[in-house]
Amino acid sequence: MDNGKGGVLGADVTRDTKPDDLIVIAGAGGFIGGSLARYFHDLGYRRIRAIDRKPLPEWYQRVPDVECISMDLSKEPNAIHAVEGATEVYNLAADMGGMGFIERFRVECLRSVLINTNMIEAAYRAGARRYFFSSSACAYNTDLQRSPEVRALKESDAYPAMAERGYGWEKLISEMFCEEYWAERSLETHIARFHNIYGPHGTWDGGREKAPAAMCRKAIEAIDSGRHQIDIWGDGTQTRSFCYINDCVLGIDKIMHSEKLIATPVNLGSSELVSVNELVSIVEGIAGITLERHYQPDAPKGVAGRNSDNTFIESVLGWEPRTPLREGMAATYKWIAGEYAARKAGKLVAVG
Ligand code: NAD
């Protein structure tokens with residue numbers, strides 16, 4: 001994995017980091033942070049520090065040879081300790097979940113601003129070479145997302161600002177921190193706006209799960225119980241695109257190491273738009289069942305439609321997330337079915 005000049009090779013990304021440089025990943029007990037720790041470990045990085053607020057037994061993934069620390073990064077002394085000696089800092093830590101969580105707990109979502117504020121200042125003071133922030137499509141102007149037949153969102157659509165209440169505004173202000181730390185203090189920052197990331201090792205039960213995982217779990221429960229029904233939040237016509245986790249971690253790596261994407265928010269999402277009804281049909285096909293659909297018009301459903309315009313990322317990187325939804329959902333379903341069976345058998349599994 002060494003490129004001969006001491007840099008880490010792999011995944012068609014040009015990096016100046018060396019295998020012994022310290023990579024710090026905040027939120028690594030969670031879905032994307034845990035997958036990123038595994039990705040960098042597999043690329044050959046030997047010093048990875050993974051941090052999360054959750055107690056270690058609740059982490060979704062514990063990657064061998066990765067230093068794992070349980071601590072709250074919304075506290076300044078912890079953030080300072082977390083980034084000591086870091087070459088690169090990836091901030092994936094946030095108090096978040098699917099629509100059911102972010103519509104109900106707006107204060108918790110907003111308070112994630114403390115994590116980013118402390119982490120970026122600490123990274124700057126520690127002399128880190130680069131800082132990554134995980135923003136969201138929820139930062140986009142909600143006025144542009146009132147119809148299921150949406151125009152895909154391009155990066156400039158975040159302004160004039162009318163982000164999703166709570167969660168979306170936190171992302172927007174944290175993006176701005178990243179932009180100003182570069183402009184005023186020359187800390188190299190990189191910002192990706194994720195669009196509905198899904199895949200194995202994510203939250204699949206407990207209230208924070210998102211639609212793809214929730215649909216898989218509900219289908220598995222229906223098979224298990226013999227009651228072939230499914231509750232669908234809203235009327236099922238809401239549209240979204242869903243990005244597979246492998247595309248997401250590769251995209252983070254590419255974005256972090258692109259000189260053309262410094263302090264420049266960029267979409268990281270799939271442009272394969274589907275309705276929630278279509279997503280259910282995909283899950284039915286994978287599970288091999290037909291479910292009676294029960295619509296819940298009063299349940300949290302978010303904006304009517306949202307898709308990722310990938311013109312910018314494609315023009316800069318010559319790449320965009322391409323895993324077909326059907327393929328990614330099959331892998332996700334298989335993993336959740338395994339976790340469900342393990343839990344039923346009395347094993348301790350992390351769900352959310
Ligand atoms: P996740 O909930 O699985 O992971 C986030 C982790 O952050 C959790 O393990 C949580 O314990 C940790 N955390 C929360 N507060 C903390 C604190 N004070 N100190 C330390 N750790 C703390 O979520 P995820 O899906 O992996 O999301 C990662 C990042 O990507 C988040 O910033 C999220 O807002 C962003 N994002 C995710 C999606 C998606 O579809 N999953 C979409 C848009 C943006």
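None of these values were measured; they are calculated from a predicted model.

Considering the packing of aromatic side chains
No. 1: One pass over the structure, following the stated rule, counts eight aromatic pairs.
No. 2: Here the aromatic rings of Phe 40 and Tyr 45 are separated by 5.4 Å at their centres, their planes lie at 85°, and the arrangement is edge-to-face. Assigned by exposure class, Phe 40 and Tyr 45 land together as buried.
No. 3: Lys 54 extends its terminal NZ or CZ atom over the ring of Tyr 60, reaching a point 3.9 Å from the ring centre.

Details of the pattern of salt bridges
No. 1: Applying the stated criterion to the full structure yields 25 salt bridges.
No. 2: Note that Glu 121 and Arg 125 form a salt bridge whose closest N and O atoms lie 2.5 Å from each other. On the criterion of helical spacing, the pair formed by Glu 121 and Arg 125 is a turn pair, its members being four residues apart in helix 5 (residues 113-125).
No. 3: We classify Arg 125 as exposed; its relative accessible area is 66%.
No. 4: Between Arg 151 and Asp 157 there is a salt bridge, and its shortest N-O distance comes to 3.0 Å.
No. 5: A residue is classified by how much of its surface remains accessible, and Asp 157, at 7% relative accessible area, is buried.
No. 6: One connected set of salt bridges, linked through shared partners, spans Asp 16, Glu 88, Arg 129, Arg 130 and Glu 188.

Some points on the site of the ligand
No. 1: Taken together, 28 residues are adjacent to the ligand, and Ile 32, Asp 52, Asp 72, Tyr 167 and Ile 197 come closest.
No. 2: Between the ligand and the protein, one listed contact pairs an oxygen atom with a side-chain N or O atom of Ser 134 at 2.9 Å.
No. 3: In the model, an oxygen atom of the ligand is placed 2.7 Å from a nitrogen or oxygen of the Ile 197 main chain.
No. 4: Out of a free accessible area of 820 Å², the ligand has 94% covered by protein chains.
No. 5: Elements with a minimum of two residues in the shell around the ligand: helix 1 (31-43), strand 5 (130-136) and helix 6 (167-185).
No. 6: The leading source of residues in the shell around the ligand is strand 5, at three residues.
No. 7: Along the lines of polarity and charge, the residues of the shell around the ligand split into 13 nonpolar, eight polar and seven charged.

Details of the sheet that holds strand 5
No. 1: Reading across the sheet, the seven strands line up as 3-2-1-4-5-6-11 and stay open at both edges, with parallel pairing between neighbours. The outermost strands of the open sheet, each flanked by one partner alone, are strand 3 (67-70) and strand 11 (266-268). Recorded for the sheet is a direction-independent mean angle of 20° between the axes of neighbouring strands.
No. 2: One ladder, built from four bridges, connects strand 1 (residues 22-26) with strand 4 (residues 88-91); its direction is parallel. Among the inter-strand pairings, Ile 23 is bridged to a residue of strand 4, identified as Glu 88.
No. 3: Sitting on the sheet, helix 6 is in contact with strand 5 and strand 6 (188-194), with an inclination near 155° to strand 5.

Considerations on a nonpolar patch on the surface
No. 1: A contiguous nonpolar patch, built from Leu 110, Met 162 and Trp 169 and spanning about 270 Å² of accessible area, is present on the exposed surface.
No. 2: Its place among the elements puts Met 162 in the loop between strand 5 and helix 6.
No. 3: Looking at Met 162, the relative accessible area reads 41%, which means it is partly exposed.

Thoughts on the packing of helix 1 against helix 8 (residues 245-256)
No. 1: It is at 10 Å that the axes of helix 1 and helix 8 come closest, and there the two elements cross at 65°. In terms of axis orientation, helix 1 runs roughly perpendicular to helix 8. Along this stretch, helix 1 crosses helix 8, giving a crossing that reads as right-handed. For the pair helix 1 and helix 8, the contacting residues are Phe 31, Ile 32, Ser 35, Leu 36, Tyr 39, Phe 40 and Leu 43 in the first and Ile 245, Cys 248, Val 249, Leu 250, Ile 252 and Asp 253 in the second.

A few points about the side chain of Lys 54
No. 1: Mapped onto the elements of the fold, Lys 54 is located in the loop between strand 2 (47-52) and strand 3.
No. 2: Among buried Asp, Glu, Lys and Arg side chains, Lys 54 stands out as unpaired, with Asp 52 the closest opposite charge at 5.1 Å.

A word on the environment of Glu 272
No. 1: Mapped onto the elements, Glu 272 comes out in the loop between strand 11 and strand 12 (273-275).
No. 2: You can call Glu 272 partly exposed: its relative accessible area is 35%.
No. 3: Sequence separation of Glu 272 and Leu 187 is 85 residues, and the distance between their C-alpha atoms is 34 Å.
No. 4: Residues in contact with Glu 272, not counting those within four places in the same chain, are Arg 240, Ser 241, Phe 242, Asn 307, Thr 323, Pro 324 and Leu 325.
No. 5: Here the side chain of Glu 272 touches Leu 325 through a polar contact of 3.0 Å, landing on its backbone nitrogen.

Quick notes on the state of the cysteines
No. 1: Overall, the coordinates contain zero disulfides when judged by the stated rule.
No. 2: Note on Cys 243: no disulfide assigned, nearest cysteine sulfur contributed by Cys 248 at a separation of 5.6 Å.

Cut-offs applied
- Residues numbered from 1 in each chain as written.
- Predicted model: local features only at pLDDT ≥ 70, side-chain atom pairs only at ≥ 80, totals over all residues.
- Heavy atoms only, no water.
- Phe/Tyr/Trp six-rings, centres within 6.5 Å; stacked < 30°, edge-to-face > 60°.
- Buried < 20%, exposed > 50% of the residue type's maximum accessible area, 1.4 Å probe, protein only.
- Lys NZ or Arg CZ within 6 Å of the ring centre and 35° of its normal.
- Salt bridge = Lys/Arg side-chain N within 4 Å of Asp/Glu carboxyl O.
- Helix = DSSP H or I, 4+ residues; strand = E, 2+ residues; numbered from the N terminus.
- Near = heavy atom within 4 Å.
- Polar contact = N/O pair within 3.5 Å; in protein donor to acceptor, adjacent residues only side chain to side chain.
- Areas by Shrake-Rupley, 256 points an atom, 1.4 Å probe, with all protein chains shown as cover.
- Nonpolar A, V, L, I, M, F, W, Y, C, P; charged D, E, K, R; others polar.
- Pairing = 2+ DSSP bridges.
- Axes fitted to C-alpha atoms, helices over the stretch in contact; angles between N-to-C directions.
- Contact = heavy atoms within 4.5 Å.
- Patch = residues over 30% accessible without salt bridge, like charges linked within 9 Å, V, L, I, M, F, W, Y side chains within 5 Å.
- Parallel < 35°, antiparallel > 145°, perpendicular 65-115°, else oblique.
- Left-handed = near helix turned anticlockwise from the far one by under 90°.
- Lys, Arg positive; Asp, Glu negative; His and termini not counted.
- Disulfide = S-S within 2.5 Å.

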